[in-house]
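Here is what each chain is made of, one letter per residue.
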Amino acid sequence: MSGSSQGCSKKLYHLVCSHCVNFFPNYDAYFCYPGKIGQAALFEKHGVSFPKTTTFPNMKAYHKNKTDEYLQYPFVFKLSWGGEGKYVFLVKSEKDFLKALELTQEYEEQGREGFLFQEYI
């Protein structure tokens, strides 16, 4: 889940930062660039190579800005939250794509937003 770490919550991390100069590990990037959308932004900021990626903060943004440029099958569909390969899907067809969008809408109704399409390499 975005914003929480196995080792340290965001609240605890900021408390430690405000009271201690030297601590390990440093979670600045983790909390400043949350989720898979944040990771893509961090990679882009630092010039790290990664597959062509199109991000959407929610379904509303997708419907407002959708284009066909990322719909070259197969491609990878990732929900922004989750980790260790969870919520990552290989989309091989329009049927797979519609199923992924449906799942995304269901999670968004539960308060979990953000997803991306990524070039399959």
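The structure under discussion appears in the preceding block.
Described in the following lines is the structure provided in the data block. (Residues numbered from 1 in each chain as written. Predicted model: local features only at pLDDT ≥ 70, side-chain atom pairs only at ≥ 80, totals over all residues. Heavy atoms only, no water.)

Counting its regular elements, the chain contains five helices and four strands. In sequence order, the secondary structure elements of the chain are arranged as α-α-α-β-α-β-β-α-β. Along the longest, intermediate and shortest principal axes, the C-alpha atoms of the chain span 50 × 35 × 25 Å. Every one of the 121 residues in the chain was classed for burial, and the buried ones make up 31%. (Helix = DSSP H or I, 4+ residues; strand = E, 2+ residues; numbered from the N terminus. Buried < 20%, exposed > 50% of the residue type's maximum accessible area, 1.4 Å probe, protein only.)

Take the sheet that holds strand E1 (residues 53–56) next. Taken in spatial order, the four strands line up as E1-E4-E2-E3 in an open sheet, and their pairing is antiparallel. In the strand order of this sheet, the two ends are held by E1 and strand E3 (88–91), each with one partner. Averaged over all pairs of adjacent strands, the angle between strand axes in this sheet comes to 20°, irrespective of strand direction. Note that strand E2 (residues 75–79) and strand E4 (residues 115–119) share five bridges and pair antiparallel. Its bridge partner being in E4, Lys78 is matched across the sheet by Leu116. (Pairing = 2+ DSSP bridges. Axes fitted to C-alpha atoms, helices over the stretch in contact; angles between N-to-C directions.)

Moving on to the nonpolar core. If you look at the biggest cluster of nonpolar residues, it comprises 14 residues, and the most contacted ones within it are Tyr62, Phe77, Leu79, Phe97, Leu101, Phe115 and Phe117. Contributions of two or more residues to this core are made by helix H4 (59–65), E2, helix H5 (94–109) and E4. (Core = buried A, V, L, I, M, F, W, Y, C linked by side-chain atoms within 4.5 Å.)

In this section: the environment of Thr67. Looking at where Thr67 falls in the secondary structure, it is placed in the loop between H4 and E2. Sequence separation of Thr67 and Glu113 is 46 residues, and the distance between their C-alpha atoms is 20 Å.

This part takes up the environment of Phe117. Mapped onto the elements, Phe117 comes out in strand E4. Residue Phe117 is classed as buried on the basis of its relative accessible area of 1%. Placed 66 residues apart in sequence, Phe117 and Pro51 show a C-alpha to C-alpha distance of 9.7 Å.

This paragraph deals with the side chain of Asn58. By secondary structure assignment, the location of Asn58 is in the loop between E1 and H4. Look past the residues within four positions of Asn58 in its chain and what remains in contact with it is Glu108, Glu113, Gly114 and Phe115. (Contact = heavy atoms within 4.5 Å.)

So, about a nonpolar patch on the surface. A cluster of nonpolar side chains, Leu12, Leu15 and Val16, forms an exposed patch at the surface whose accessible area comes to about 230 Å². Looking at where Leu12 falls in the secondary structure, it is placed in helix H1 (residues 10–19). (Patch = residues over 30% accessible without salt bridge, like charges linked within 9 Å, V, L, I, M, F, W, Y side chains within 5 Å. Areas by Shrake-Rupley, 256 points an atom, 1.4 Å probe, with all protein chains shown as cover. Salt bridge = Lys/Arg side-chain N within 4 Å of Asp/Glu carboxyl O.)

This brings us to the packing of aromatic side chains. Using the criterion set out here, one finds 23 aromatic pairs in the structure. Ring geometry for Tyr13 against Tyr27: centres 5.8 Å apart, planes inclined by 90°, an arrangement best described as edge-to-face. With Tyr13 in helix H1 and Tyr27 in the loop between H1 and helix H2 (28–32), this residue pair connects regions lying 14 residues apart in the sequence. A residue is classified by how much of its surface remains accessible, and Tyr13, at 2% relative accessible area, is buried. (Phe/Tyr/Trp six-rings, centres within 6.5 Å; stacked < 30°, edge-to-face > 60°.)

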